[in-house]
Amino acid sequence: MERSFYILLYRAFHIQRKWVRSNMQKLGVGAGQPKLLVYLSAHGPCHQKQLADYFDVDPANVSRMIDSLEKGGFVLRKTDEQNRRRDLVEVTEKGRQTGACWRSRCREVEQIMLRGFTSEEKEHFADYLARAYQNVQEETGREKP
């Protein structure tokens, strides 16, 4: 197998995505949507821009995901009382449960992927990935989310 970091990262990302997405249809959510539910469950209501910034995703894409999640009953939009021109996005109980199922599936694949790694190796690996991400963010001139 080729040992370039790009190919290794791609292969690891692809196989874990395949694993966790196998349940997406059962949950009634599409690509990119579960991470929004998990974030909203953990952080509470927020603006669409906050979601786009955190996940480094185009705001228009986030808007489409929220539209779909709202139609499915996973999130609600409500007027921000501090700025009536902006909506807050809030997760519903259905969305919270779906996010919890998704997070559980992610933990499963994480345990499989990191089987045999020591706690120290896991910590180092997480640090390496975070630093790699930061390096690319700095190179592209974007702000860190």
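The present account deals with the structure reproduced in this document.

Thresholds applied
- Sequence order sets the numbering: in each chain, residues are counted from 1 along the sequence as written.
- The predicted origin of the model limits local features to residues at a pLDDT of at least 70 and limits the giving and counting of side-chain atom pairs to 80 or more, whereas totals for whole chains, interfaces and linings rest on all residues.
- To get the side-chain values, take all heavy atoms of the structure and skip hydrogens and water.
- Under the scheme used here, helices are H or I runs from DSSP no shorter than 4 residues and strands are E runs no shorter than 2 residues, and both carry numbers assigned from the N terminus.
- The rule is simple: take the accessible area with a 1.4 Å probe, protein chains only, and divide by the maximum for that residue type; under 20% is buried, over 50% is exposed, in between is partly exposed.
- Areas reported as accessible are Shrake-Rupley estimates using a 1.4 Å probe. Residue values count occlusion only from the protein chains shown.
- Charged residues are defined here as Lys and Arg on the positive side and Asp and Glu on the negative side; His and the ends of the chain fall outside this count.
- In this description, the location of a charge corresponds to atom NZ of lysine, CZ of arginine, CG of aspartate or CD of glutamate.
- Cysteine sulfur atoms that come within 2.5 Å of each other are treated as a disulfide pair.
- Centres within 6.5 Å are what make two rings of Phe, Tyr or Trp a pair, Trp counting through its six-membered ring; a difference in plane orientation under 30 degrees is then read as stacked, over 60 as edge-to-face, and the rest as tilted.
- Nine residue types can take part in a nonpolar core, namely buried Ala, Val, Leu, Ile, Met, Phe, Trp, Tyr and Cys, and a core is a set of them joined through side-chain atoms within 4.5 Å.
- We call two residues contacting when some pair of their heavy atoms lies within 4.5 Å.

## Here we look at the overall build of the protein
Working step 1: For the protein, the count of helices and strands is seven helices and two strands.
Working step 2: Written out in order from the N terminus, the α and β elements of the protein read α-α-α-α-α-β-β-α-α.
Working step 3: For the C-alpha atoms alone, the extent of the protein along its principal axes is close to 50 × 40 × 25 Å.
Working step 4: When burial is assessed residue by residue, the protein has 25% of its 145 residues classed as buried.
Working step 5: Looking at the protein as shown, the accessible area adds up to about 10400 Å², and 52% of this sits on carbon and sulfur atoms.
Working step 6: Taking the 25 positively charged and 20 negatively charged side chains of the protein as two groups, their mean positions are separated by 6 Å.

## Remarks on the state of the cysteines
Working step 1: Per the counting criterion, the structure on display carries zero disulfides.
Working step 2: Looking at Cys 101, it has no disulfide partner, and the nearest cysteine sulfur is the one in Cys 106, 11 Å off.
Working step 3: The class of Cys 101 is partly exposed, set by a relative accessible area of 44%.

## Here we look at the packing of aromatic side chains
The geometry of an aromatic ring pair comes down to the distance between the two centres and the angle between the two planes.
Working step 1: Scanning the model with the defined rule gives four aromatic pairs in all.
Working step 2: Between Tyr 39 and Tyr 54, the ring centres sit 4.7 Å apart and the planes meet at 45°, which makes this aromatic pair tilted. Of this pair, Tyr 39 sits in helix H3 (residues 33-43) while Tyr 54 is found in helix H4 (residues 48-55), placing the two residues 15 residues apart along the sequence.
Working step 3: Ring geometry for Tyr 39 and Phe 55: centres 5.8 Å apart, planes at 70°, overall edge-to-face.

## A closer look at the nonpolar core
Working step 1: By size, the foremost hydrophobic cluster in this structure holds 22 residues, and its most contacted members are Leu 37, Leu 40, Leu 51, Val 62, Ile 66, Leu 69 and Val 75.
Working step 2: Sorting the residues of this core by element identifies H3, H4, helix H5 (59-71), strand E2 (83-91) and helix H6 (93-113) as the ones contributing at least two each.
Working step 3: Sequence-distant contacts of Leu 51, that is, excluding residues within four places in its chain, are made with Leu 36, Tyr 39, Leu 40, Cys 46, Val 62 and Ile 66.

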